[in-house]
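So you can see what is in the structure, the chains are spelled out below.
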Amino acid sequence: MFEPQIMCFLCKWCTSGAADLAGTSRIHYAPNGVNLRVMCSSRVDPQHILYAFRAGADGVFIGGCHPGDCHYVEGNYKTLRRVTLFSKMLQDLGIDRKRLRLEWISAAEGKKFAETMDEFTEQIRALGPLDLKDKVLKREVAKDE
Amino acid sequence: MKDKEPKKRIGLFVCHCGINIAGVVDVEKVANLMKDYPGVSFSTNYVYVCSDPGQQMIIDTIKEKKLDAIIVAACSPTLHEKTFQEAAKLAGLNPYQIEIANIREQDSWVHSDKDKATRKAVKIIKAHVAKALRNESLQPIKVDVKKRALIIGGGVAGLQAALDIAEHGYQVLVVEKNPSIGGKMIQLSETFPTLDCSQCIMTPKMVEASRHPNIKLLTYHEVESVSGFVGNFKVRIKKKPRYVDEKLCNLCAECEKVCPQVVPDEFNMGLSFRKAIYMPFPQAVPGTYTLDEKNCLGLLPVRCGKCKDVCEKKAIDYDMKEVIFEEEVGAIVVATGYDLYTMQAIGEYGGEKYEDVINGLEFERILSASGPTGGVVRRPSDGKIPKHVVFVQCTGSRDTEKHNPYCSKICCMYTAKHAMLYKHRVPDGQATIFYIDVRAGGKGFDEFYQRAIEEDRVLYIRGKVSKIFKEGDKLIVWGVDTLTGKKVEVEADMVVLAMAMVKADGIPDLLRKLKIQSDIHGFLSEAHPKLRPVESLNSGFYLAGCAHGPKDIPEAVAQASAAAAKVGDLFAQKELLHEPTIVTVNDELCSGCAICITMCPYQARSLDPEKGIAVVNEVLCEGCGACAAACPSGAAQQRNQTDEQIFSMLTAMLSEEEHV
């Protein structure tokens, strides 16, 4: 069975807290995601997302605080705008926009984090491998030749 | 990102956490695998790294192996990051060279497949190696603190905060725009649920504030502008001309007697009159007359000058000018209070047309012994004692379509109090209250409301009022009783509207000056709704009272004391330490496009006018990184979370090299 690689950017204040809570509550979920903790979801630059896909991620997840709850006032709104715009661009780049997901998960929502991880893993599994890394490498090799 | 790998000697400590981690992750295997990983000079595993011997092992190893950075693969950094930073400090390592790889909460506790969990642990650790290789040693940013507080607003919240801070031993400035301190509380008659006289509890506080050696009252002053940052604010304050020297005025009242100008009295909500030279109310602090320049004839070209002639103390000076001066403070408490929603906004209730439709604060003045009727309940139009008073709750509150969606919180209780006090004054009168819900959640509140119904026979009708109009000398109130589903028509002599609490009049202007945030209703925003309820998001600003949202007196006082305690925390520090993981700008890459400036919620970003490039105020920057993500040229980088670090972490986490 295809095991997708998922890159998760988690905001320190909410979603990373939710991931910790899932841990303390011992809620098991799919191990396909690896987490990178950022201070705020608004720290995530579209370049980071693209880089993650290039480096081998089949799906990218961004978790932030619920609207109105951002530790930095309005960072999550900035993220929402960026991700909305960027997912349209992804489509143009030939990457299914379903491979990028933004969710608001508060530090109290450990269960939601676990469920989201399971659900997203299944979604990416259904989409199949992205293989962007291989494609990019092949193209680079072809260019060199 | 194929730049050359930085060189560092990194130590890795993989924690078993008993069986919490070791039960799922093969810690020994992880530690062994990582031994040969580029950058890692030392790798081990230990049963409880956070224990005393565990920490000692870290300290010894750092010294022995001359490590430049360490990674502790253990529980969530929220638990022991501080612990390990302190341990590393003891070994002479900069705390910003410590990385915590969370392999418990975000790995061993949530996965059961040992092989997969072990692989994941390796990925997590590799990412932290990539980051640790590029971490800078940082020192907290130090800032001096000016140990002097500014309180904006001299109502009960502002005075409480001022008194508490003064008692901590710090200097306090209180700026109040009105001629006297006292705020709204001094206008109230009696307070719920104990029915003690508001003035009797407020005046001693006012006097105490005026006499406290650490408090300087600046009444009839306004804040003009604020610059600087936490610990170091520069405040420009405007002294409005009072035209009376408050030190000379001995309250003989001769000026008032001769003044020919009669105007509505604001303190009595326009229900009585005052002269153009006046004392707002008998207990005003400071005890001095004030000449109201809008209504005085003497300031006009053709001078009246009557008051000046009779003033034996020569306290009146028509040439007094407005003065602007600057003060330095370290913290600012905003306690600017509230205003009532205007009756014009609800035309169908006729508040504008009919004199006998009044708001709650007007009724407070009517009930007050020092009020326009000396405490006898008389209606404004003809001075008759009303035999039937209708009270309408939630006027302008809890109306998502036309008015304010929020609950004004105090109206349920003060309406019960109004009805009760009315019944005490007019025992044969009838008090009828229209309500949506009765929210009596507070100490002694529900008992108080029950007392209004049972002992004072106040009639509660559950429903809204649709229209109020006049017929003869009666006011007809149309409403609905939602419990019976029937329309109700009540003939009343007077109607009291419990108008919604709204932001104070000058708030939008003040917020622009202070550069702090409010919610969409203009109430000030707190830093965190649960955990930091008295601080503004902008460091150095604190909130007290109704400026933050509707609340009753005890809540306002509690919040003021909490804000004062927070100011005390700030002032107790020799210097402020600010997290150094902020954003920096690479001068050579910055084009001065200013996108970052629009991104910053803290006004930490600005353009250097000379160089034309963006700069960061390192004290104001909170390190969210939103500007770094927005910077199109990569000039803005967050310290210890640079793009390069994120890219290298992504590479490390996503690489398919088989290490397990």
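*Asks:* What exactly am I supposed to notice about the overall build of chain B here?
*Replies:* Per the secondary structure count, chain B includes 17 helices and 34 strands. Taken over C-alpha atoms, the radius of gyration comes to 33 Å for chain B, far larger than the 26 Å a tight globule of 660 residues would show. Along the first, second and third principal axes, the C-alpha atoms of chain B reach 95 × 65 × 45 Å. Within chain B, the fraction of its 660 residues that count as buried is 50%. For chain B, the proportion of contacts with a sequence separation of at least 24, taken over those separated by at least 6, is 70%.

*Asks:* What's the story with unusual backbone geometry in this structure? I'm lost.
*Replies:* Glycine aside, residues mostly have negative phi, and peptide bonds are mostly found in the trans state. Residue and element names in this part refer to chain B. The linkage connecting Phe192 with the following residue, Pro193, adopts the cis geometry, with an omega of -5°. Looking at the element boundaries, Pro193 is found in the loop between β8 (190–191) and β9 (196–197). If you check the backbone angles, Tyr220 has positive phi at about 60° while not being a glycine. What makes Tyr220 buried here is the crowd of 20 C-beta atoms within 10 Å. Phi at Cys394 is positive, roughly 55°, even though this residue is not glycine. Counting through the fold element by element, Cys394 comes out in strand β21 (residues 388–395).

*Asks:* Any chance you could explain the sheet that holds strand β18 (residues 331–334) of chain B here in plain terms?
*Replies:* Sheets are built from strands paired through backbone hydrogen bonds, the pairs being either parallel or antiparallel. Residue and element names in this part refer to chain B. Strand order in the open sheet made by the 5 strands is β10-β7-β6-β18-β29, with parallel pairing throughout. Every interior strand has two partners, whereas the edge strands, β10 (215–219) and β29 (541–543), have only one. Taking each pair of neighbouring strands and ignoring which way they run, the sheet shows an average axis angle of 20°. Across 5 bridges, strand β7 (residues 171–176) lies against β10 in parallel orientation. Directly across from Leu173, in β10, lies its bridge partner Lys216. Against the sheet, helix α6 (residues 156–167) makes contact with β6 (148–152), β7, β10 and β18, and its axis sits at roughly 165° relative to β7, the strand it touches most.

*Asks:* Looking at this model, I keep getting lost on the sheet that holds strand β12 (residues 232–239) of chain B. Mind explaining?
*Replies:* Residues and elements named next belong to chain B. A sheet is described by the order of its strands in space; here 3 strands give the open sequence β11-β12-β17, paired in antiparallel fashion. Two strands lie at the open edges of the sheet, namely β11 (221–229) and β17 (323–329), each paired on one side alone. Ignoring strand direction, the axes of neighbouring strands in this sheet form an average angle of 20°. The sheet contact formed by β12 and β17 spans 7 bridges and is antiparallel. Bridge pairing in β17 places Lys234 opposite Glu328.

*Asks:* How do you make sense of the nonpolar core when you look at a structure like this?
*Replies:* Core analysis: the biggest nonpolar cluster contains 133 residues, and Ile151(B), Ala161(B), Ala162(B), Val174(B), Val333(B), Val495(B) and Ala544(B) have the highest contact counts within it. Every residue in contact with Ile151(B), bar those within four places of it in the chain, is listed here: Gly158(B), Ala161(B), Ala162(B), Val172(B), Leu173(B), Val174(B), Val333(B) and Ala335(B). Grouped together as the second largest cluster of nonpolar side chains are 124 residues, Ile49(A), Phe53(A), Phe120(A) and Leu130(A) included.

*Asks:* I keep staring at the interface of chain A and chain B and nothing clicks. Help me out?
*Replies:* How big an interface is tends to be stated in terms of accessible area lost as the parts join. Counting residues at the interface gives 34 residues for chain A, matched by 39 residues for chain B. In terms of residues, the side of chain A that touches chain B owes the most to one element, helix α1 (residues 15–24) of chain A, which gives 5 residues. Each residue belonging to the side of chain A that touches chain B can be placed in one class, and the counts come to 19 nonpolar, 9 polar and 6 charged.

*Asks:* Just checking my understanding: could you explain the pairing of β6(B) for this structure?
*Replies:* Each regular strand displays side chains that alternate between the two surfaces of the sheet. All names here are of chain B. Judged by how many residues are buried, β6 sits mostly within the fold: 4 of 5 residues are covered. Each parallel crossover has a hand, and the one from β6 via α6 to β7 is right-handed. Relative to β18, β6 is paired through 4 bridges, and the arrangement is parallel. Bridged to Leu150 within β18 is Ile332.

*Asks:* Would you take a moment to explain the domain arrangement of chain B for this structure?
*Replies:* Per the domain assignment, the segments of chain B are domain 1 (10–138), domain 2 (148–240 + 324–337 + 510–571), domain 3 (241–320), domain 4 (340–502) and domain 5 (579–639). Look at where the C-alpha atoms of domain 1 of chain B and domain 4 of chain B centre, and you get two points 66 Å apart.

*Asks:* Explain the environment of Ala87(B) here, please?
*Replies:* Position of Ala87(B) relative to the elements: it lies in helix α3 (residues 77–90). Residues Ala87(B) and Glu622(B) lie 535 residues apart in sequence; the distance between their C-alpha atoms is 26 Å.

*Asks:* What's the story with helix α2 (residues 46–54) of chain A in this structure? I'm lost.
*Replies:* Along an α-helix, residues three or four apart share an orientation, since each turn contains 3.6 residues. Considered for burial, the residues of α2(A) that qualify are His48(A), Ile49(A), Tyr51(A), Ala52(A) and Phe53(A). Contact partners of the buried residues in α2(A): β1 (6–11), β3 (59–64), α3 (75–92), β4 (100–104) and α5 (132–144) of chain A together with α17 (643–654) of chain B. Phi turns positive, to about 125°, at Gly56(A), one or two residues after α2(A).

Reading guide: rules and limits
- Residues numbered from 1 in each chain as written.
- Chains lettered and ligands numbered in written order.
- Predicted model: local features only at pLDDT ≥ 70, side-chain atom pairs only at ≥ 80, totals over all residues.
- Helix = DSSP H or I, 4+ residues; strand = E, 2+ residues; numbered from the N terminus.
- Rg over C-alpha atoms; globule rule 2.2 N^0.38 Å.
- Buried ≥ 20, exposed ≤ 12 C-beta atoms within 10 Å, placed from the backbone.
- Contact = placed C-beta atoms within 7 Å.
- Pairing = 2+ DSSP bridges.
- Axes fitted to C-alpha atoms, helices over the stretch in contact; angles between N-to-C directions.
- Core = buried A, V, L, I, M, F, W, Y, C linked by C-beta atoms within 7 Å.
- Nonpolar A, V, L, I, M, F, W, Y, C, P; charged D, E, K, R; others polar.
- Right-handed = clockwise from strand over helix to strand, strands pointing away.
- Domains from an automatic or database assignment.

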